[in-house]
Amino acid sequence: MDGQIAAPEETLHDPNSWRGTMYPGLDFGREELSAVMRRTYDELIDFIVTPEFQAVHRELMELPENERPEFVQRVLLDPDELRSRGVIVPSGILVQMSAFGDRRPTLFAVKKLLPEKYHRAWENVNFTFNNSYDESAIPRDAETAWRAPLPVALQNELIAQKVDLEAVPSEFERVARANGRPQTPHHREN
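Structure report, in brief. (Residues numbered from 1 in each chain as written. Predicted model: local features only at pLDDT ≥ 70, side-chain atom pairs only at ≥ 80, totals over all residues. Heavy atoms only, no water.)

## Let's talk about the overall build of the chain
Part 1 of the reasoning: Each helix and strand counted, the chain has eight helices and five strands in total.
Part 2 of the reasoning: In sequence order, the chain lays out its α and β elements as α-α-α-α-α-β-β-β-β-α-α-α-β.
Part 3 of the reasoning: Of all 190 residues assigned to the chain, the portion counted as buried reaches 35%.
Part 4 of the reasoning: Long-range contacts, defined as pairs at least 24 residues apart, comprise 60% of the intrachain contacts of the chain with a sequence gap of at least 6.
Part 5 of the reasoning: Looking at the chain as shown, the accessible area adds up to about 11,600 Å², and 54% of this sits on carbon and sulfur atoms. (Helix = DSSP H or I, 4+ residues; strand = E, 2+ residues; numbered from the N terminus. Buried < 20%, exposed > 50% of the residue type's maximum accessible area, 1.4 Å probe, protein only. Contact = heavy atoms within 4.5 Å. Areas by Shrake-Rupley, 256 points an atom, 1.4 Å probe, with all protein chains shown as cover.)

## Focus on helix α7 (residues 152-160)
Part 1 of the reasoning: Considered for burial, the residues of α7 that qualify are V152, Q155, N156, L158 and I159. Along α7, the residues classed as buried sweep out an arc of 160° about the axis, all on the same side.
Part 2 of the reasoning: Phi turns positive one or two residues past the end of α7, at K162, with a value near 60°. (Arc of directions from axis to C-beta.)

## A look at the environment of N126
Part 1 of the reasoning: Within the secondary structure, N126 is located in strand β4 (residues 124-130).
Part 2 of the reasoning: Each C-alpha atom of the pair N126 and K111 lies 4.1 Å from the other, and the pair is 15 residues apart in sequence.
Part 3 of the reasoning: Ignoring sequence-local partners within four residues, the contact set of N126 consists of Y41, L44, V110 and K111.
Part 4 of the reasoning: Of the polar contacts made by the side chain of N126, one reaches the side chain of N124; its length is 3.2 Å. (Polar contact = N/O pair within 3.5 Å; in protein donor to acceptor, adjacent residues only side chain to side chain.)

## Details of the sheet that holds strand β1 (residues 93-96)
Part 1 of the reasoning: Here we have three strands laid out as an open sheet, ordered β1-β3-β4, and antiparallel in their pairing. In this open sheet, the two edge strands, each paired with only one partner strand, are β1 and β4. For this sheet, the mean inter-axis angle between neighbouring strands, taken without regard to orientation, is 15°.
Part 2 of the reasoning: The sheet contacts of helix α3 (residues 51-62) involve β3 (106-113) and β4, and relative to β3 the element is tilted by about 155°. (Pairing = 2+ DSSP bridges. Axes fitted to C-alpha atoms, helices over the stretch in contact; angles between N-to-C directions.)

In structure tokens form, the structure reads like this:
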């Protein structure tokens, strides 16, 4: 480009052109946010690869799929039960049940909030742990993938009853359709 400033449409196609650029209205750029996210992911990885956490995860995954939500509730969400198994959850890391609009059979997530400074752009990073599923069966179209998730307790009961999550519309979907309103991207945690 011989010293010329690139037009915005030219820089949109070059991911490196935005490296140090600040996000509009924010005092940080993509590179800074990416570095904070990487460090936070590393903290989560350091926790989930511990032999103690891996042993609990192995025990969970050896159960029949329909019994796993109850195990998560009884073991993974109980700090005393985790401690009795040698699992110490580091400060700031959350283990929680979670559900997504794309109906992946999510059992739980291990999550950590980013520092507050970054919340207007990105709030947290997490690893989700799911029952097995056919990746090609998970909808990727925006309307279906971003629908309102099922309530976590309902999703877990449906998994326990071996119900196909994709076959169950959420109450939010029915209400939105009845009122002629578009659905919004959503994620539910418990």
